[in-house]
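Each chain is listed here by its residues.
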Amino acid sequence: MSSKVSRYPGTEVTHDDIEANSYLMTHYQAELKYAWTSGVATGRYLKGLKEGEIWGRRCDGCGRVMVPPRMYCELCFRPTDGWVKLRDTGRVVTYSIAYVNFDASRRQDPIIVAVVEVDGASPMMGILHLLGEVDPEDVKIGMRVQAVWKKVEDRSGAITDIVHFRPLGGR
Ligand SMILES: [Zn+2]
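What you see is a predicted model, and the numbers here were worked out from it, not measured in a lab. (Residues numbered from 1 in each chain as written. Predicted model: local features only at pLDDT ≥ 70, side-chain atom pairs only at ≥ 80, totals over all residues.)

**Student:** Account for the overall build of the chain, with residues named and values stated.
**Tutor:** On a plain count of helices and strands, the chain comes out with 2 helices and 10 strands. What you see in the chain, going N to C, is helices and strands ordered as α-α-β-β-β-β-β-β-β-β-β-β. For the chain, the C-alpha radius of gyration of 24 Å lies well beyond 16 Å, the compact-globule estimate for 171 residues. With the principal axes as the frame, the chain shows a C-alpha extent of 75 × 45 × 35 Å. By residue count, 18% of the 171 residues in the chain fall in the buried class. Contacts in the chain between residues at least 24 apart in sequence constitute 51% of all its contacts with a sequence separation of at least 6. (Helix = DSSP H or I, 4+ residues; strand = E, 2+ residues; numbered from the N terminus. Rg over C-alpha atoms; globule rule 2.2 N^0.38 Å. Buried ≥ 20, exposed ≤ 12 C-beta atoms within 10 Å, placed from the backbone. Contact = placed C-beta atoms within 7 Å.)

**Student:** Any details on the nonpolar core? Residues and values, ideally.
**Tutor:** Membership of the largest hydrophobic core comes to 21 residues, with the highest contact counts inside it found for V67, V118 and A121. Contributing elements (two or more residues each) for this core: α2 (40–50), β1 (54–58), β2 (65–66), β7 (106–118), β9 (144–149) and β10 (162–167). Element by element, the count of residues in this core is highest for β7, at 3 residues. (Core = buried A, V, L, I, M, F, W, Y, C linked by C-beta atoms within 7 Å.)

**Student:** Let's hear about the confidence of the model for the chain: which residues, and what values?
**Tutor:** Looking at the chain, pLDDT values average 92 and 94% of them are 70 or higher. Of all helices and strands in the chain, the one with the weakest mean pLDDT is helix α1 (residues 15–19) (90), whereas β10 scores best (98). (pLDDT = per-residue confidence, 0-100.)

**Student:** Break down the pairing of strand β6 (residues 89–100) for me, with residues and values.
**Tutor:** As judged from the 3 bridges shared by β6 and β9, these two strands associate in the antiparallel manner. When the sheet's bridge partners are listed, T89 is paired in β9 with Q146. The pairing of β6 with β7 spans 9 bridges and is antiparallel. The residue of β7 that forms the bridge with T94 is V115. Counting the residues in the hairpin turn of β6 and β7 gives 5 residues, including A104, whose phi is positive at 75°. (Pairing = 2+ DSSP bridges.)

**Student:** Provide a residue-level description of the sheet that holds β1, including the pertinent values.
**Tutor:** The sheet built from 3 strands is open, its strands ordered β2-β1-β5 with antiparallel pairing. Single-partner strands in this sheet number two, and they are β2 and β5 (82–86). Contacts between α2 and the sheet are confined to β1 and β5, with β1 contributing the most and set at about 150° to the helix. (Axes fitted to C-alpha atoms, helices over the stretch in contact; angles between N-to-C directions.)

**Student:** I'd like a rundown of the environment of G142, residues and numbers included.
**Tutor:** Examined against the element boundaries, G142 turns out to sit in the loop between β8 (126–131) and β9. Residue G142 is classed as exposed on the basis of its 8 C-beta neighbours within 10 Å. Separated by 51 residues in sequence, G142 and R91 have C-alpha atoms that sit 5.3 Å apart.

**Student:** Go over unusual backbone geometry with me, naming the residues and quoting the values.
**Tutor:** Along the chain, V67 connects to P68 via a cis peptide bond; the corresponding omega equals -10°. When you line up the elements, P68 lands in the loop between β2 and β3 (72–73). Unusually for a residue other than glycine, F77 sits at a positive phi of about 55°. Its place among the elements puts F77 in the loop between β3 and β4 (78–79). Judged by the 8 C-beta atoms lying within 10 Å of it, F77 is exposed.

Okay, structure coming up:
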């Protein structure tokens, strides 16, 4: 018996065991089920998206309108004060042209990821989303954009209820 492992009971698989293929491995599929609440602010925000609306939250302490909304102002250290319906237009404050997928595989056609400062919210308050219906070379900081919504029946109360933002006025 080995006395090397004293803290954790069990049998160590050694390099020799692996070389000799003398160990047992089992595979199983865990059925894990989770449920959680989105919270008051995000819940209202997601409900709004399902209705084709973008809602922010106002703080009377600092005068900011925040989106995505939150129930507490991190600048004033106090609860926020009310809901503000924003427009579904805005401007691009920063963007990135990505030729790599989320799994690090290469893309032939790039996706354009942008932060859109939403009209009616305070400066630099915005949504991280995709730009569409635009050539990557034509994207500019400050560009005016508008949300393209999924059809009502296809919306689920998620940020993906907005397909992407496109240049305002189309092309
Ligand atoms: Zn505040």
